[in-house]
Amino acid sequence: MNEARGYPAAALERRVEWLTHLGRRFLSKRAQLSIMCGFEHFTALMSRRLLEDPAVFAGADPSMTALWQWHAVEEVEHRAVAFDVHCAAGGTRFERAWTLVLATLVFGLKVIEQQIVLMHVDGCLWSAREWARLLSYLYVRPGVVAADHPRLLRVFLAGVPSFGAIYAVRIRSR
Ligand SMILES: [Fe+2]
């Protein structure tokens, strides 16, 4: 995504920075760390999917597949690091639970916002066919995020007992 191709990357980034600024201003350092645990949880869930299911990359350029798989491994590590540091800083399950709610809202709304902006630039924002293709990719085949919702729900239902255990990611060797 870049400006030369018409994508407003800088503007999107500025809006994320504004949210980060709000977080720094109104949340304690430990709550900021806790909300990072939530964000890292999302990226690790997505990464797990990328590493487990080759169908996600069907039709993708091999260099992009390699790049995303490498990045996915990194993301899995981030989650463990964020969790460990939060625990070491005296962070509690309750703190991780309420910041995960906040992270869910922020992450979800940002993803939707960015999707809308990018589809607008691509001129397909009002295309029912493109939305159907996107939803199918996300929830049907290969269903990139379909499994993530129950996994996230499990975290809430379990009262965030141990992110370490829930965060444990099984990477299938191929
Ligand atoms: Fe990360």
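The shown structure was predicted, so the numbers you read here are calculated from the model rather than taken from an experiment. Residue positions are counted from 1 within each chain, in the order its sequence is given. For this predicted model, a pLDDT threshold of at least 70 governs which residues receive local features, and a threshold of 80 or more governs which side-chain atom pairs are given and counted, while totals over whole chains, interfaces and linings are taken from all residues.

Trainee: Sorry if this is basic, but what is going on with the overall build of the protein here?
Mentor: Across its full length, the protein holds 7 helices and 0 strands. Numbered from the N terminus, helices here are DSSP runs of H or I no shorter than four residues, and strands are runs of E no shorter than two. Along the chain direction, N to C, the helices and strands of the protein fall in the order α-α-α-α-α-α-α. The burial criterion counts other C-beta atoms lying within 10 Å of a residue's C-beta, which is placed from the backbone; the residue is buried at 20 or more, exposed at 12 or fewer, and partly exposed between these limits. Sorting the 174 residues of the protein into buried and exposed places 18% on the buried side. By sequence separation, contacts in the protein at least 24 residues apart represent 74% of the contacts at least 6 residues apart. Remark: residues whose backbone-derived C-beta atoms lie within 7 Å of one another are considered to be in contact.

Trainee: When you look at the environment of Y139 in this model, what are you seeing that I'm missing?
Mentor: Mapped onto the secondary structure, Y139 falls in helix α5 (residues 128-139). With near-sequence residues (within four places) excluded, Y139 lies in contact with V145 and A146.

Trainee: How do you make sense of the packing of helix α2 (residues 29-52) against helix α3 (residues 62-88) when you look at a structure like this?
Mentor: Each pair of packed helices can be summarised by the angle the axes make with each other and by the distance between the axes. Relative orientation of the contacting elements α2 and α3 amounts to 150°, with a least axis distance of 8 Å. Judged by the inter-axis angle, α2 sits roughly antiparallel to α3. Helix-helix and strand crossings are classified by hand; for α2 and α3 the assignment is left-handed. Within the contact between the two elements, α2 uses L33, S34, M36, C37, E40, H41, T43, A44, S47, L50 and L51 and α3 uses W68, Q69, A72, E75, V76, H78, R79, A82, F83, V85 and H86. Three classes are used: nonpolar for Ala, Val, Leu, Ile, Met, Phe, Trp, Tyr, Cys and Pro, charged for Asp, Glu, Lys and Arg, and polar for all others, with Gly counted as polar. Its residues placed into classes, the contact of α2 with α3 shows 12 nonpolar, 7 polar and 3 charged. A fitted line through C-alpha atoms serves as each axis, taken over the contacting stretch for helices, and the angle formed by two N-to-C directions is quoted from 0 to 180°. These descriptions rest on fixed angle ranges, namely under 35 degrees for roughly parallel, over 145 for roughly antiparallel, 65 to 115 for roughly perpendicular, and the rest for oblique. The crossing is said to be left-handed when, going from far helix to near helix, the turn is anticlockwise and less than a right angle, and right-handed when the turn is clockwise.

Trainee: How should I be thinking about the nonpolar core in this particular structure?
Mentor: One recurring pattern in soluble globular proteins is that nonpolar side chains are buried together. Each nonpolar core comprises buried Ala, Val, Leu, Ile, Met, Phe, Trp, Tyr and Cys residues, the members being joined through C-beta atoms within 7 Å. Core analysis: the largest hydrophobic core is formed by 8 residues, namely L33, I35, M36, C37, A82, F83, L100 and A103. Sorting the residues of this core by element identifies α2, α3 and α4 (93-121) as the ones contributing at least two each. The element best represented in this core is α2, accounting for 4 residues. In this structure, F42, L45, A72 and V76 belong to the second largest nonpolar core, which totals 6 residues.

Trainee: Mind showing me how you'd approach the confidence of the model for the protein here?
Mentor: For any part of a model where pLDDT is low, the fine detail of the predicted coordinates should not be relied upon. Mean pLDDT over the protein works out to 84, with 87% of the residues at or above the 70 mark. Note: pLDDT gives the predictor's confidence per residue, expressed from 0 to 100. Mean pLDDT in the protein bottoms out at helix α7 (residues 163-167), which sits at 45, and peaks at helix α1 (residues 9-26), which reaches 93. For the stretch residues 159-174, pLDDT sits under 50, and the model shows 23 contacts to residues farther than four places along the chain or on other chains.

Trainee: Explanation requested: the environment of A55 in the structure shown.
Mentor: Here A55 shows up in the loop between α2 and α3. Linking A55 and R141, residues 86 residues apart in sequence, is a C-alpha distance of 8.3 Å.

Trainee: What am I meant to see in α4 here?
Mentor: Every α-helix winds through 3.6 residues per turn, so residues three or four apart in the chain are directed the same way. With 29 residues, α4 extends 41 Å between its outermost C-alpha atoms, agreeing within 8% with the 42 Å of an ideal straight helix rising 1.5 Å per residue. The set of residues buried in α4 consists of E95, R96, T99, L100 and A103. G123, located one to two residues past α4, shows a positive phi value of around 75°. Expected helix span is given by 1.5 Å per residue-to-residue step, counting one fewer step than there are residues.

Trainee: I would appreciate a short explanation of the packing of α2 against α4 in the present structure.
Mentor: At a closest axis distance of 8 Å, the pairing of α2 and α4 adopts a crossing angle of 60°. Here α4 runs oblique to α2, going by the angle between their axes. Crossing geometry of α2 relative to α4 is assigned as right-handed. Contacts between α2 and α4 involve R30, A31, S34, I35, C37, G38, F39, H41 and F42 on the former and, on the latter, E95, R96, T99, L100, L102, A103 and F107. Classifying every residue of the contact of α2 with α4 gives 9 nonpolar, 4 polar and 3 charged.

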